[in-house]
Amino acid sequence: MVCVSMKLELRERHIFSLLILFLALVSSGCSTQVGARAGESSATATLGDPLINGSLDDAVVRQVAGENRRDLTRCYQMGLADDRALSGQVNIRLSIAPTGGVQAALLTNSTLKNDDVETCILKEVQLWVFPTTEDGDGVEVEYPFDFSNH
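Structure report, in brief.

Moving on: the pattern of salt bridges. Pairing is possible between side chains that carry opposite charge, provided their charged atoms lie close to one another. With the rule as written, the count across this model stands at four salt bridges. In this structure, Asp58 and Arg62 form a salt bridge, with 2.7 Å as the shortest nitrogen-oxygen distance. Here the residue Asp58 and the residue Arg62 both occupy positions in helix H2 (residues 58–67), the gap between them amounting to four residues, near one helical turn. Close ionic contact of Arg74 with Asp71 constitutes a salt bridge, the shortest N to O distance being 2.0 Å. Taken together, the positions of Arg74 and Asp71, both in helix H3 (residues 69–80) and three residues apart, correspond to about one turn of that helix. By relative accessible area, Arg74 is classed as partly exposed at 29%. Through salt bridges with shared partners, one network takes in Asp49, Asp58 and Arg62.

What counts as what
Residues numbered from 1 in each chain as written. Predicted model: local features only at pLDDT ≥ 70, side-chain atom pairs only at ≥ 80, totals over all residues. Heavy atoms only, no water. Salt bridge = Lys/Arg side-chain N within 4 Å of Asp/Glu carboxyl O. Helix = DSSP H or I, 4+ residues; strand = E, 2+ residues; numbered from the N terminus. Buried < 20%, exposed > 50% of the residue type's maximum accessible area, 1.4 Å probe, protein only.

Take it as geometry only, folks, not as evidence of what the structure does.
So this is what it looks like as structure tokens:
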């Protein structure tokens, strides 16, 4: 019950932070458009090749990451509000429980060098849900993410 409450509290804080950021952008006259037109910048989170130690299939891990990529891009866009030149790679190690929940997410390396964005990414990754493992064992995944604004 405590874990569920903590996850909800983290999600509520994240939503509140995004709402504050949105309101600040609107009141400052900045565009809140996420996509890009020809010639405009496009902030993206690109998924690298995961290293998987356990019984989850590579395609399944990629699918879950792909379904959640938009949340990682939002974290990155928050950092771009302060630093338009922000870019780099973030490597995350995930410990996935046999039930599919993320037990732990650890930043193993980052060239992004932005604590707020890195913390946001870790919080988002901890909310991911994978399928249960058939063998009943946990899974370790090392996942690189590239963030660029081109």
